[in-house]
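Single-letter residue listing:
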Amino acid sequence: MPKHIAIVGGGIAGLAAAYELTRRQREGADVTFTLIEASPRLGGIVETHREAGFIMETGPDAWVTEKPWAREVAGELGLAGEIMQSNDAERVTYVLRGGKLLAMPDGMRMMVPSDLAALDGHALFSPAARRAYAAEPQRAEDLKHTHPHSDESVATFVTRHFGAEVLRVVGAPLLNGVFGGDVRRLSVQAVMAPFVKMEHEHGSLIAAVQQRDRERNGKPRPATFTTLRSGMGALAEAMAATLPPTSTQLNTTALSLRRTPEGWVVHTAATASSRDPRPAGTSQQHSFTDVVLATPVAATAHLLHSIDRRAAQLVDIPASSAVTVAFAFSPEIAQAQSITWPKGFGFLAPPGEGTRLLAATFADQKFADRAPVGGRLLRAYFGGPTADKLIRQTDEAIAQLAHTELQKMLGPLPPATVTVVRRWPRALPQYEVGHLNRMAELDRRISAIGKLRLLGNGYRGVGVPDLIRDARTAARTVAAA
Ligand SMILES: Cc1cc2nc3c(=O)[nH]c(=O)nc-3n(C[C@H](O)[C@H](O)[C@H](O)COP(=O)(O)OP(=O)(O)OC[C@H]3O[C@@H](n4cnc5c(N)ncnc54)[C@H](O)[C@@H]3O)c2cc1C
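What this report covers is the structure whose coordinates are included nearby. (Residues numbered from 1 in each chain as written. Predicted model: local features only at pLDDT ≥ 70, side-chain atom pairs only at ≥ 80, totals over all residues. Heavy atoms only, no water.)

Some points on the environment of Ala475
Logical step 1: Looking at where Ala475 falls in the secondary structure, it is placed in helix 18 (residues 464-480).
Logical step 2: The exposure class assigned to Ala475 is buried, which follows from its relative accessible area of 5%.
Logical step 3: Those residues in contact with Ala475 that lie beyond four places of it in its chain are Ala17, Glu20 and Leu21. (Helix = DSSP H or I, 4+ residues; strand = E, 2+ residues; numbered from the N terminus. Buried < 20%, exposed > 50% of the residue type's maximum accessible area, 1.4 Å probe, protein only. Contact = heavy atoms within 4.5 Å.)

Written out as structure tokens, the structure reads:
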């Protein structure tokens, strides 16, 4: 029987599923699909704003180079010539401490130093924190044999290895930058799995990263981040351009689902406006053989509620909001005002350091060609409860706050030539302690319902490459089943 699949949600996950199904169709698979997206554009959080020669990322600005799945798609789409690495020769990340931006020591793998000597006399850590680092390799046997076998929080894991100061100064801001939220609730098994494995194998995380470095045998590390010259949005735009024209319904909200003996009925309605998720107009019904839900967790929980209440509960995990504000300074303004910021990729602000910012990216230094020659580009990032509050404020108020906060660290900044504010409400799901068990139970329930797949950043990774990998695998499986 031919398959007609509904993909609900056209963020990078839904789009990658649609892209893969389009490829299957071209190879002769008897499959069609409809991509139902509430907003007027595809890509979801992946979005690049291009203006006055600036490439401004309002969501993700790169993917982690080690993960190949976004690069593979870029290659398939003819974007290989666009692929560009971060400027790792200039890679410095600063941490705000006592009102100053202090560079992270060289050789850190997240909060784990590969070179203890690089910490000597380093102002970022107190003598007590440096002693905790120095003692960790000596505690390897103890750490190897006493770690808990069940899941625990990132906070207890990091504190067990390096103490509370390292957690506060680097652990919390690093994790907050990716997952938002609270390190006392985040699951170490879900968000730091490679480090859990290191603990099991070596006890000491420092010993583990040092061994990995030795195994590289002097081979240079690849650049940390990879992106596209015309921005991450180009990946979504190029994927969208491959889809059959009649396969996509924009400005269409999925309201509810109903399981039938043959498959599914999906009720949709025109979206009222990009700012108002409530439906406008009468609802329509369409039948499908299979449904792929690639909506954010809150929307997915809502759609599942009438199908399987327990599955809806399992999906409905907390998610934190993000607000980004990009400031572009034209070459004329940047030169007239001598705008500079420290060499490097940007800074992280630990809690309690007197700013409402979570982080900022020196976008024109992290990657080449983000600004016209002589221009400058900076992005402020608010997360967690601050972002939840800011989302309700005007663009002007948000931009004003970001501008004021940045000046505390960077000194006087003139008004920007272009300012882009983006709100991402409940965009980053929190993988809390027990997340993997929760996902295992969810998987069982979803397969029992049948002809249903869940994709997106609520389940097995929030990064763009992971979402692309999972979406393509799911699409292949659905098309072949
Ligand atoms: C500020 C920020 C920076 C980030 N930086 C990075 C980074 O540098 N690198 C990286 O790898 N990751 C990064 N991430 C994470 C990554 O961007 C996201 O996890 C990813 O883009 C989420 O994709 P998605 O398809 O799961 O969801 P979304 O992009 O949220 O897409 C879901 C789509 O579903 C639609 N929708 C919702 N409800 C309905 C409905 N009822 N009917 C129809 N459609 C509906 C929405 O309109 C949306 O388009 C960042 C995230 C944020 C917020």
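Next comes the rest of the description.
Remarks on the packing of helix 1 (residues 12-26) against helix 18
Logical step 1: At their nearest, the axes of helix 1 and helix 18 sit 8 Å apart, and the two run at 40° to each other. Comparing their axes, helix 18 and helix 1 come out oblique. In terms of crossing hand, the pair formed by helix 1 and helix 18 is right-handed. Listed contacts from helix 18 to Ile12, Ala13, Ala16, Ala17, Tyr19, Glu20, Leu21, Arg23 and Arg24 of helix 1 are Val464, Leu467, Ile468, Ala471, Arg472, Ala475, Arg476 and Ala479.
Logical step 2: Residues of the contact of helix 1 with helix 18, tallied by class, amount to 12 nonpolar, no polar and five charged. (Axes fitted to C-alpha atoms, helices over the stretch in contact; angles between N-to-C directions. Parallel < 35°, antiparallel > 145°, perpendicular 65-115°, else oblique. Left-handed = near helix turned anticlockwise from the far one by under 90°. Nonpolar A, V, L, I, M, F, W, Y, C, P; charged D, E, K, R; others polar.)

Overview of helix 2 (residues 69-76)
Logical step 1: Taken as a whole, helix 2 has its buried residues at Ala70, Val73 and Ala74. For helix 2, the angular spread of the buried residues around the axis is 100°, confining them to a single face.
Logical step 2: Considering only its buried residues, helix 2 is in contact with helix 1, strand 5 (63-64), strand 6 (83-85), strand 11 (225-228), helix 10 (233-242) and helix 18.
Logical step 3: Looking at the residues trailing helix 2, positive phi occurs at Gly78, about 80°. (Arc of directions from axis to C-beta.)

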